[in-house]
Amino acid sequence: MLLERMRGGLYGFAVGDLLEWPADACGQSAARMRQEPCGCAAPCAVPADASLTLAAMDSLCGGFDMEDLVRRAPLAWQPDASSAAERGKRALTRVLPLAFFLFPSAGTEVARSPCAMERIHAVSALTSARPESLVACGLYVCIACGLLAGQGTERAVRQGVLSAMRYYLECEGGRFQRELRRWIGMADTQTFAGRAPDGTDAFRTAVHCLLCTQTYPACVQSAARLGGRPAAAAAGSLAGIAYGEAGIPAQWRMCIPLRGEMDSLCAKMYAFCALYA
């Protein structure tokens, strides 16, 4: 099941990342994918964020090495002309492989390990070191690890948020006080799910869609409508873990470029995880 959830997370991210691609990159595939779960029959172009995520995962299959992470995709990690907010959104999916890497040793207790949280922040900071980005990435990995353990979406979100909040209060002092006030409401999953997001915050939009839907297609399509590509990619990765590879429509999976490379990396990461089992 763990291998299927890993593939689901990686495939789910890739599909979400493709939903907002323009027609000249993917023909009409992306537009049709927004409307129906079977609107693509051939691989699309490779989004830059997907390439970076695969490079990060390939590096982590050999252990955590910041220099190697940067070396594998040096241009992608460098600051670009995009806004700080945009870099913050992109940082989310770039820490996805860290959830796979940390889960075997930490399970659902990632936030109990200061070393694990520092690693999440370090990888996030390569793209965005804004406090809100660091906390969002920490929450994202905590929730993803709960889903990898087989927790339902509500439990994974609630426990992930609460465990991360304890870490930030106990280990980080007042450094993230402002961000904690912003995120703590997510622990009340029913109330949070009942409030429609404004779409400007990719992570909040992704979690809202995860809580308000029951299938992968419904989650990622809702996120794409509300928050565009960053929210769809983040929601797709979480929903992909929650519902597994089989929960992603086969025709959508056919759109994903480099599927063979993704399968190979998931197998390598799964073998790495077996060392800690």
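Structure's up top.
Residues numbered from 1 in each chain as written. Predicted model: local features only at pLDDT ≥ 70, side-chain atom pairs only at ≥ 80, totals over all residues. Heavy atoms only, no water.

1. Notes on the packing of helix α1 (residues 2-18) against helix α15 (residues 216-243)
Working step 1: Interhelical geometry of α1 versus α15 gives an angle of 165° and a closest axis separation of 6 Å. By the criterion of interaxial angle, the relationship of α1 to α15 is roughly antiparallel. Viewed along their axes, α1 and α15 form a crossing whose handedness is right-handed. Taken together, the residues of α15 that come into contact with α1 (itself represented by Arg5, Gly8, Gly9, Tyr11, Gly12, Phe13, Val15, Gly16 and Asp17) are Tyr216, Val220, Arg229, Ala232, Ala233, Gly236, Ser237, Gly240 and Ile241.
Working step 2: Its residues assigned to classes, the contact of α1 with α15 shows 8 nonpolar, 7 polar and 3 charged. (Axes fitted to C-alpha atoms, helices over the stretch in contact; angles between N-to-C directions. Helix = DSSP H or I, 4+ residues; strand = E, 2+ residues; numbered from the N terminus. Parallel < 35°, antiparallel > 145°, perpendicular 65-115°, else oblique. Left-handed = near helix turned anticlockwise from the far one by under 90°. Contact = heavy atoms within 4.5 Å. Nonpolar A, V, L, I, M, F, W, Y, C, P; charged D, E, K, R; others polar.)

2. Digging into helix α11 (residues 153-171)
Working step 1: The first and last C-alpha atoms of α11 sit 27 Å apart over 19 residues, in line with the 27 Å expected at 1.5 Å per residue.
Working step 2: Thr153, Ala156, Val157, Gly160, Val161, Ser163, Ala164, Met165, Tyr167 and Tyr168 are the residues of α11 that are buried.
Working step 3: Close packing links the buried residues of α11 with α9 (114-127), α10 (131-148), α12 (177-183), α13 (189-193), α14 (202-212) and α15. (Expected span 1.5 Å × (residues − 1). Buried < 20%, exposed > 50% of the residue type's maximum accessible area, 1.4 Å probe, protein only.)

3. Regarding the environment of Arg71
Working step 1: With respect to the secondary-structure elements, Arg71 resides in helix α5 (residues 66-72).
Working step 2: Residue classification places Arg71 among the exposed residues on the basis of a relative accessible area of 53%.

4. Here's the deal with the side chain of Ser59
Working step 1: Checked against the element boundaries, Ser59 lands in helix α4 (residues 48-60).
Working step 2: Ser59 sits in the buried class, given a relative accessible area of 4%.
Working step 3: In this structure, Ser59 is in contact with Asp65, Asp68, Leu69 and Arg72, ignoring residues within four places of it in sequence.

5. Examining the packing of aromatic side chains
Working step 1: The final tally for this structure, using the stated rule, is 6 aromatic pairs.
Working step 2: Taking 6.4 Å as the distance between ring centres and 40° as the angle between the ring planes, the aromatic pair formed by Phe64 and Phe101 counts as tilted. Separated by 37 residues along the polypeptide, Phe64 in the loop between α4 and α5 and Phe101 in helix α8 (residues 96-106) bring together distant segments of the chain.
Working step 3: For the pair Tyr140 and Phe203, a centre-to-centre distance of 6.5 Å together with 65° between the ring planes defines the contact as edge-to-face. (Phe/Tyr/Trp six-rings, centres within 6.5 Å; stacked < 30°, edge-to-face > 60°.)

6. Considerations on α10
Three or four residues apart is the spacing at which side chains of an α-helix point the same way, because the helix has 3.6 residues per turn.
Working step 1: Taking 1.5 Å of rise per residue, 18 residues should cover 26 Å, and α10 covers 26 Å from first to last C-alpha, within 8% of that figure.
Working step 2: Where burial is concerned, most of α10 is hidden: 17 out of the 18 residues are buried.
Working step 3: A positive phi of about 95° marks Gly150, the residue just after α10.

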